[in-house]
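# What the coordinates show
Given next are the chains, with one letter for each unit.
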Amino acid sequence: MSDRESVTAPLTYAVTKAVSEQQMIDLLHDAQAYRAEAFDRLYDMYAQSIFRYLYHRVGDREVAEDLTGEAFLRLMENIGNYRIGIQDQKAIFSGWFFRIAHNLMIDYLRRQTKHTEMVVETHPTPDDNPTGVMEQTLAEQRLHAALAQLTQDQQDVIILRFFEELSNAEVADILGRTEGAIKALQHRALASLYRALAGEASA
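What counts and how
- Residues numbered from 1 in each chain as written.
- Predicted model: local features only at pLDDT ≥ 70, side-chain atom pairs only at ≥ 80, totals over all residues.
- Heavy atoms only, no water.
- Axes fitted to C-alpha atoms, helices over the stretch in contact; angles between N-to-C directions.
- Helix = DSSP H or I, 4+ residues; strand = E, 2+ residues; numbered from the N terminus.
- Parallel < 35°, antiparallel > 145°, perpendicular 65-115°, else oblique.
- Left-handed = near helix turned anticlockwise from the far one by under 90°.
- Contact = heavy atoms within 4.5 Å.
- Polar contact = N/O pair within 3.5 Å; in protein donor to acceptor, adjacent residues only side chain to side chain.
- Core = buried A, V, L, I, M, F, W, Y, C linked by side-chain atoms within 4.5 Å.
- Buried < 20%, exposed > 50% of the residue type's maximum accessible area, 1.4 Å probe, protein only.
- Nonpolar A, V, L, I, M, F, W, Y, C, P; charged D, E, K, R; others polar.

## Concerning the packing of helix α3 (residues 36-58) against helix α7 (residues 152-163)
Closest axis-to-axis distance for the α3/α7 pair is 11 Å, and the angle between their directions is 150 degrees. One way to sum up the angle between α3 and α7 is to call them roughly antiparallel. Considering only the axes of α3 and α7, their crossing is right-handed. Contacts from Arg52, Tyr53, His56 and Arg57 in α3 reach Gln152, Gln155, Asp156, Ile159, Leu160 and Phe163 in α7.

## A short note on the side chain of Arg57
When you line up the elements, Arg57 lands in helix α3. Within polar-contact distance, the side chain of Arg57 engages the side chain of Gln155 at 3.0 Å.

## Thoughts on the nonpolar core
If you look at the biggest cluster of nonpolar residues, it comprises 54 residues, and the most contacted ones within it are Met24, Tyr46, Phe93 and Phe97. Elements represented by at least two residues in this core include exactly α2 (21-32), α3, α4 (61-78), α5 (89-111), α6 (130-147), α7, α8 (168-175) and α9 (179-202). If you tally residues by element for this core, the top one is α3, at 12 residues. Contacts of Met24, omitting those with residues within four sequence positions, involve Val19, Leu42, Met45, Tyr46, Gln89, Lys90 and Phe93.

## Here's the deal with the environment of Gln149
Tracing the backbone shows Gln149 in the loop between α6 and α7. For Gln149, a relative accessible area of 55% translates into the label exposed. Residues Gln149 and Leu193 lie 44 residues apart in sequence; the distance between their C-alpha atoms is 7.9 Å.

## Comments concerning the packing of α2 against α3
Packing of α2 against α3 leaves a shortest axis separation of 8 Å and a crossing angle of 125 degrees. Considering their axes alone, α2 and α3 lie oblique with respect to each other. From α2, Met24, Leu27, Asp30 and Ala31 reach across to α3, where they touch Ala38, Phe39, Arg41, Leu42, Met45 and Tyr46. Residue classes in the contact of α2 with α3 are distributed as 8 nonpolar, no polar and 2 charged.

## A closer look at the environment of Ala172
When you line up the elements, Ala172 lands in helix α8. C-alpha of Ala172 to C-alpha of Lys183: the two residues are 11 residues apart in sequence and 9.0 Å apart in space. Residues in contact with Ala172, not counting those within four places in the same chain, are Arg177, Thr178, Glu179 and Ile182.

Functional significance is not addressed by these values, which are geometric in nature.
Right, here's the structure in full:
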């Protein structure tokens, strides 16, 4: 992954929305025919968001890069098993691919002997004034600390719904739950996050 592909990269939805449903279907057919340009296009569409999701969960840039590469390798190995329907392929494929990355991340975390905190990273621009940068940094440190108090499932829902802006249906597909369960989990996660942030503010 290049230096340009940081955790502040554009969201997957913003990239995929420029692709029509038929273009997505054609792209997936090309990928199943193992045309190199199709995998290049899928990489352009998904690499940054897959990396960012993994980075938020494992907290290590090099590990996130390795897992992103492995996710694309698994994509190439399993693309022939993906069933292309006649509609909603952008949402369905996104969920399918994020589930591959999610499973790799879970396997990695299970191999670790210590807790890995989620990382929230920002990159100030030259136009930012020192006071503004400091205030933003402090705010994100508070968010980091609050997110770390959530369960892994709650962290996943917050990241996928509000960082990656995936739909409830897509998150349900990734986490292997019903859409109703995701809505309930999201409600509890936001309530827990609010309480954690309120606790930080009153501390």
